[in-house]
Amino acid sequence: MKKVDFENGTITHNILQTAFPMLVAQVLNLLYSIVDRIYIGRIPGAGTEALGAVGLCFPMILLVTGFTNMFGMGGAPLFSMALGERNREKAQQIQNTALRLLVLCAALIILVGEILGGPILLLFGATRAELPMALSYLQIYLAGTLFIMVSTGMNAYINAQGFSVIGMLSVTIGAVANLILDPVFIFGLGLGVRGAAAATVLAQLLSFVFVMSFLLGKKNELPIRPGTSLPYAGEIASLGLAPFIMQVTNSLVQIACNSVLMEYGGALFVSVMTIVSSVRSILDAPVMAITDGASPAISYNYGAGRPENVRKAIRVMMLLALPYTILIWGLVMLFPFFFVRIFSDAPEVLEDASRALHLYFFAFVFQSFQYSGQTVFKALNKKGKAIFFSLFRKVILVVPLTLLLPRLAGLGTDGVFMAEPVSNVVGGLACFFTMLATVLPELSHMGPESTDSKESGKPASE
């Protein structure tokens, strides 16, 4: 399987080679949850209620993703820098440690989730009437936590080695399986939301088997070694704290949104929020693939002492991300009903969800600035800034605005959806311009490219 050669080739080519399979992988990865919601929303006589119940599980699912990102995205930049430094032993130790941390964390989450699932859902805003359906989905979903965390978390290391097609295939296998199994379990076997969760777990098991077969196989140039030691665990966790906080704060936002929407609009608006969040997940995937695809190139060239290539990677990332977010903003503004109908045709949902989409996506363009700034901070191991801007946008801006706008401004449910665009503008610009003001001077002080870099034949063009 051909791998991306970060040592040679142009920056643009390396980023696109990495980003395209990652885009396909991210879109397919979304099918795990998105397909569930599409089918769930069409359960006869209970679709809207079922969507709301699954929406109540989102905060816990986001926490699982957060821990996955902590050890996956947290260690991958360190892994790439070690490869850039030609320190293969260090890179292998980082990869092995990450796998062990993912397994340990998954076991803990399964234990806590299965024992305390009910109280956790009540804390997240579930009512006694909604609890049985939501809990039945969550408990089955959590049973597959090990498969989810290892297959997704270790994909970051497969991509960082340049095997982005392998990473894409691992997700494709699970996504296709989920697409086939969902209607069989939900409708054919009549299991409803429990069937959706069961189909997801089985699909993730297939992805897990594929990922582990590659990591333990001969094609992997840095094979997994058995053991219990955890070297670099502190560095992985500290750098991974930023993507972890992003997901934890997303979870806090979801809890706040569900609580306020339940108060001002009832269960219907929790279903509306589920649809809005689902559309956001779909439309975020390409811009996240672009920024994630740039991350290995940024980390590798930084570790190899090539500041000009780091600058080029940042420029290419923005030149790809900004036009995409502008295009998506226009499509959502013009065709909101199209996106809502992906998940529900219910007349009581269409109008409210379309208005919510207009409000929520009003400043979507600024997402490109937020993701680009955060990616550079993570790729260069600037964990303090990465963590701060994760907290700034969600905890300092979104959560207070979600709680205050409906009450103080009298906006009701509209205020919940308006919190997002305000935070996109303020948080996105603050993150991006801080990155420019701090990273570019550091790159200038790195001086000329190293002799090794020049001798490697690395092209200077984008």
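Residues numbered from 1 in each chain as written. Predicted model: local features only at pLDDT ≥ 70, side-chain atom pairs only at ≥ 80, totals over all residues. Heavy atoms only, no water.

**Let's talk about the overall build of the chain**
We apply this condition: Comment: elements are numbered from the N terminus, with helices defined as DSSP H or I runs of at least four residues and strands as E runs of at least two. C-alpha atoms define the radius of gyration in this analysis, and the globule rule sets the expected value at 2.2 Å times the number of residues to the power 0.38. Only protein chains enter the accessibility calculation, which uses a 1.4 Å probe; a residue is then buried when its area is under 20% of its type maximum, exposed when over 50%, and partly exposed in between. Two residues form a contact once any of their heavy atoms are found within 4.5 Å. What sets the accessible areas is the Shrake-Rupley method with a 1.4 Å probe; for residues, cover comes only from the shown protein chains. A positive count includes Lys and Arg, and a negative count includes Asp and Glu. His and the chain ends are not counted in either. Think of each charge as sitting on NZ of Lys, CZ of Arg, CG of Asp or CD of Glu.
Scanning the chain from N- to C-terminus turns up 17 helices and zero strands. A globule of 462 residues ought to have a C-alpha radius of gyration of about 23 Å, and the chain, at 22 Å, matches this closely. The C-alpha extent of the chain, read off along each of the three principal axes, is 70 × 45 × 35 Å. A total of 462 residues make up the chain; the buried ones form 58% of that total. Counting only contacts in the chain whose residues sit at least 6 apart along the sequence, the fraction spanning at least 24 positions is 83%. Accessible area for the chain stands at about 17200 Å²; split by element, carbon and sulfur atoms hold 71% of it. Taken together, the 29 basic and 26 acidic charged side chains of the chain have centroids lying 6 Å from each other.

**Topic: the side chain of Asn155**
This is how the line gets drawn: Throughout this description, a polar contact denotes any pair of N or O atoms lying within 3.5 Å of each other; where both atoms belong to protein, one of them has to be capable of donating a hydrogen while the other can accept it, and for residues adjacent in sequence the pair is counted only when both atoms sit in side chains.
Looking at where Asn155 falls in the secondary structure, it is placed in helix α6 (residues 145-160). Looking at Asn155, its side chain comes within polar contact range of the side chain of Ser170, at 3.0 Å. Ignoring sequence-local partners within four residues, the contact set of Asn155 consists of Gly167, Ser170, Val171 and Val211.

**A short note on the nonpolar core**
Short version of the rule: In this text, buried Ala, Val, Leu, Ile, Met, Phe, Trp, Tyr and Cys residues form a nonpolar core when linked through side-chain atoms within 4.5 Å.
Counting 136 residues, the largest nonpolar core has Tyr137, Met154, Ile298, Phe361 and Phe417 as the members making the most contacts within it. The contact partners of Ile298, leaving out residues within four places of it in the chain, are Val310, Ala313, Ile314, Met317, Val376, Ala379 and Leu380.

**As for the packing of helix α13 (residues 347-360) against helix α16 (residues 413-445)**
Using the following cut-off: Convention adopted: a line fitted to C-alpha atoms gives each axis, helices being fitted over their contacting stretch, and angles between N-to-C directions are expressed from 0 to 180 degrees. The scheme is simple: roughly parallel for angles under 35 degrees, roughly antiparallel for over 145, roughly perpendicular for 65 to 115, oblique for anything else. Each residue gets one label: Ala, Val, Leu, Ile, Met, Phe, Trp, Tyr, Cys and Pro are nonpolar, Asp, Glu, Lys and Arg are charged, and the others, such as Gly, are polar.
Where α13 meets α16, the closest approach of the two axes is 7 Å, and the angle between their N-to-C directions is 30°. Relative to α16, the element α13 is oriented roughly parallel. Contacts between α13 and α16 involve Arg355, Ala356, Leu359 and Tyr360 from the first element and Asp414, Phe417, Met418, Glu420 and Pro421 from the second. Each residue belonging to the contact of α13 with α16 can be placed in one class, and the counts come to six nonpolar, no polar and three charged.

**What about the packing of aromatic side chains?**
Just so we agree on the cut-off: Here a pair means two rings of Phe, Tyr or Trp (six-membered ring of Trp) with centres within 6.5 Å. Their orientation is stacked below 30 degrees between planes, edge-to-face above 60, and tilted elsewhere.
On inspection of all chains with the given rule, the structure shows 15 aromatic pairs. Between Phe79 and Tyr157 the ring centres are 5.5 Å apart and the planes differ by 80°, which places this aromatic pair in the edge-to-face class. With Phe79 in helix α3 (residues 76-84) and Tyr157 in helix α6, this residue pair connects regions lying 78 residues apart in the sequence. In this structure Phe79 comes out as buried when scored by relative accessible area, which is 0%. Measuring from centroid to centroid gives 5.3 Å for Phe361 and Phe364, while their planes differ by 45°, and the two rings are tilted. The residues Phe361 and Phe364 share a single accessibility class, namely buried. A network of ring pairs unites the aromatic residues Phe366, Phe369, Phe432 and Phe433 as a single cluster.

**Digging into the environment of Leu101**
Here Leu101 lies in helix α4 (residues 88-123). On the basis of relative accessibility, which here comes to 12%, the residue Leu101 falls in the buried class. For the pair Leu101 and Thr68, spaced 33 residues apart in the sequence, the C-alpha separation amounts to 9.4 Å. Setting aside anything within four residues of it in sequence, one finds Leu101 in contact with Phe71, Leu230 and Ala233.

**Regarding the side chain of Glu420**
Here Glu420 lies in helix α16. Separated by 3.3 Å, the side chains of Glu420 and Arg393 make a polar contact.

**Comments concerning the pattern of salt bridges**
For side chains of opposite charge, pairing can occur when their charged atoms come near one another. Spelled out, the test is: A pairing counts as a salt bridge when a side-chain nitrogen of Lys or Arg comes within 4 Å of a carboxyl oxygen of Asp or Glu.
Across all of its chains, the model carries ten salt bridges by this definition. Measuring nitrogen to oxygen at the nearest pair gives 2.7 Å for the salt bridge that ties Arg280 to Glu420. Remark: Glu420 occurs in helix α16 and Arg280 occurs in helix α10 (residues 267-303); sequence separation between them is 140 residues. Both residues of the pair, Arg280 and Glu420, belong to the buried class. When salt bridges with common partners are traced through the structure, they connect Arg280, Asp284, Arg393, Lys394 and Glu420 into a single cluster.

**Considerations on the state of the cysteines**
Stated formally: Any two cysteine sulfur atoms within 2.5 Å of one another count as a disulfide.
Scanning the entire structure with this criterion turns up zero disulfides. Here Cys57 stays unpaired: no disulfide links it, and the sulfur of Cys257, its closest cysteine neighbor, is 16 Å away. On the accessibility criterion, Cys57 (0% relative accessible area) is buried. The cysteine Cys105 is free of any disulfide, with Cys57 supplying the nearest cysteine sulfur at 19 Å. We classify Cys105 as buried; its relative accessible area is 11%.

**Observations concerning the confidence of the model for the chain**
Low pLDDT means the predicted coordinates in that region are not meant to be read closely. Applicable threshold: Across the chain, each position has a pLDDT score giving the predictor's confidence in that residue, from 0 to 100.
The pLDDT averaged across the chain works out to 84; a share of 91% of its residues lies at or above 70. In the model of the chain, helix α17 (residues 451-455) stands out as the element of lowest mean pLDDT, 40, in contrast to α16, which has the highest, 93. Ignoring residues within four places in sequence, the model shows residues 450-462, a span with pLDDT below 50, making 30 contacts including any to other chains.

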